[in-house]
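# Residue-level structure breakdown
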Amino acid sequence: MTSVLDRIVQEIEGLPGQAMAKDLNRIERKLYRLMPENNDEFIAVCDEMMKLKGWAPFFLVTLLIKRKGVLYDLKHFPVYEKWLDMHAVHWGRCDILCYRVLNPMVEKFPDLYGHLVKWTASPNTYTRRAAAVSLIRSTRSFVVSAGFPKVKRICDLLKKDPHPHVQKGIGWLLKYAYLKSPKETEVYLRENVKELSRTTFRYALEKMPQELREELMLK
């Protein structure tokens, strides 16, 4: 494990603090060949990488997990949840962990939705944001596969959250929920026009037809 970590440190040394994705993708392809074949050992190396400072190790871990694929296993979820609580320290880290690691787990194991409900009460801002963003699947676009009752419950639990990044996360979820459940989303927005922040509301309207968007913005 030490040799792999040493190589990782060598590869990312000198990169700017917010390294370009293309550089990190190139490094990840090189590092993947050095990672252990054993799944538990692979996770252990990733866990040590998460302890390194900076954006690059975090970004690389999410790429490695996604490439490995078979690590979307229930026994690894406590580790991923720990990463969320300890290392998702801004919205960018939160979202990339959601798209590449947490959402695939939630979609594969629907019972994990209960964890998302618990996250809404977390003292960690980005754990609360993840409760919403983990319901969004990142493909070439964004998709919400969950039924609207699940979306509604998360939004109800978070709609009075004071943090703007959580408010934006709810709006982001509602925006893409509209593509699957347009009527339910519209009704929810009409019924909660006084409950949702204007930030959440603006984000939620972005995929709606112009006429409907203008009408709701005047509410």
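These numbers come from a predicted model, not from an experiment. (Residues numbered from 1 in each chain as written. Predicted model: local features only at pLDDT ≥ 70, side-chain atom pairs only at ≥ 80, totals over all residues. Heavy atoms only, no water.)

## Here we look at the packing of aromatic side chains
- A full pass over the atoms with the stated rule returns 9 aromatic pairs.
- A ring pair is formed by Phe77 and Trp119, whose centres lie 6.3 Å apart and whose planes are at 10 degrees; its orientation type is stacked. Linking Phe77 in helix α5 (residues 77–87) with Trp119 in helix α7 (residues 113–119), this pair joins segments that are 42 residues apart in sequence.
- Since its relative accessible area comes to 3%, Phe77 is described here as buried.
- Using a relative accessible area of 4% as the deciding quantity, one classes Trp119 as buried.
- Look at Trp172 and Tyr176: their rings are 5.4 Å apart centre to centre, the planes differ by 65 degrees, and that puts the pair in the edge-to-face class. Placement of both Trp172 and Tyr176 in helix α10 (residues 164–180) is noted, with a separation of 4 residues, approximately one turn of the helix.
- Connected via pairs of aromatic rings, a cluster forms that spans Tyr99, Phe142, Trp172 and Tyr176.
- Above the face of the Tyr32 ring, Arg67 is positioned so that its terminal group lies 5.4 Å from the ring centre. (Phe/Tyr/Trp six-rings, centres within 6.5 Å; stacked < 30°, edge-to-face > 60°. Helix = DSSP H or I, 4+ residues; strand = E, 2+ residues; numbered from the N terminus. Buried < 20%, exposed > 50% of the residue type's maximum accessible area, 1.4 Å probe, protein only. Lys NZ or Arg CZ within 6 Å of the ring centre and 35° of its normal.)

## With respect to the pattern of salt bridges
- Summed over the entire model, instances satisfying the criterion amount to 13 salt bridges.
- One salt-bridge network, in which partners are shared between bridges, spans Lys152, Asp156 and Lys159. (Salt bridge = Lys/Arg side-chain N within 4 Å of Asp/Glu carboxyl O.)

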